[in-house]
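Here's the letter readout for the chains.
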Amino acid sequence: MKSFGVEIPFVSHLGFTLHRMEDGESELRYEAKPEHLNSFAVTHGGASMTLLDVTMATAARSVTPDMGVVTIEMKTSFMQPARGPLVAKGRLIHRTATMAFTEGTVYDAQGKVCCHATGTFKYVKRLPVDGRNVNDLKVISTD
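Residues numbered from 1 in each chain as written. Predicted model: local features only at pLDDT ≥ 70, side-chain atom pairs only at ≥ 80, totals over all residues. Heavy atoms only, no water.

- The UniProt entry for the protein chain carries the following text under Sequence similarities (unreviewed entry): "Belongs to the thioesterase PaaI family." (UniProt positions renumbered as here; feature names shortened; annotations may be inferred.)

Here's what the structure looks like:
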């Protein structure tokens, strides 16, 4: 398992694990806990969207790991319920000096597509908070 490079409390709470972050691509894995399910006993759409958001952000950051990213826009389509262990794959489609255009897909254990998203992210610098030290978490939430 790889490191996201910064501590992301919500991602830790959900239990996402990073398995790939290189060359404009990412792969995360996630198995919803009972408290992450909806009333139909499948992964809540909000948890799936968070997984897609983090997967796309990680793909964007893979080419500039010293930068953070913030989500500008995201469009999600749900194809079928997300059950069991999930694998999310992200890809950086296009990049400018300040923006990343990405896509991400979540697959179930049988390899079927559960949901897909496209997203736009803005690259942001992590700035010193006291004139000397960089604080990865308190300047701006980037992941």
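Text resumes after the structure shown.
### With respect to the overall build of the protein chain
Piece 1. For the protein chain, the helix and strand inventory stands at 2 helices and 6 strands.
Piece 2. Tracing the protein chain from N to C terminus, the helices and strands come up as α-β-β-α-β-β-β-β.
Piece 3. Split into buried and exposed, the 143 residues of the protein chain put 42% on the buried side.
Piece 4. On the protein chain, roughly 7,600 Å² of surface is accessible, and the fraction owed to carbon and sulfur atoms is 55%. (Helix = DSSP H or I, 4+ residues; strand = E, 2+ residues; numbered from the N terminus. Buried < 20%, exposed > 50% of the residue type's maximum accessible area, 1.4 Å probe, protein only. Areas by Shrake-Rupley, 256 points an atom, 1.4 Å probe, with all protein chains shown as cover.)

### Notes on the sheet that holds strand β5 (residues 99-107)
Piece 1. One open sheet accounts for 6 strands, arranged β1-β2-β4-β5-β6-β3; its pairing is antiparallel. Either end of the sheet is taken by a strand with one partner, and the two such strands are β1 (17-22) and β3 (68-78). The sheet shows a mean angle of 20° between the axes of neighbouring strands, direction not considered.
Piece 2. Sheet analysis places β3 next to strand β6 (residues 113-124), joined by 10 bridges and oriented antiparallel. (Pairing = 2+ DSSP bridges. Axes fitted to C-alpha atoms, helices over the stretch in contact; angles between N-to-C directions.)

### Regarding the pairing of β6
Piece 1. With 9 bridges joining them, β5 and β6 adopt antiparallel strand pairing. Across the sheet, residue Phe 101 finds its bridge partner in β6, namely Thr 120.
Piece 2. What sits between β5 and β6 in their antiparallel hairpin is a turn of 5 residues, with Gly 111 showing a positive phi close to 85°.

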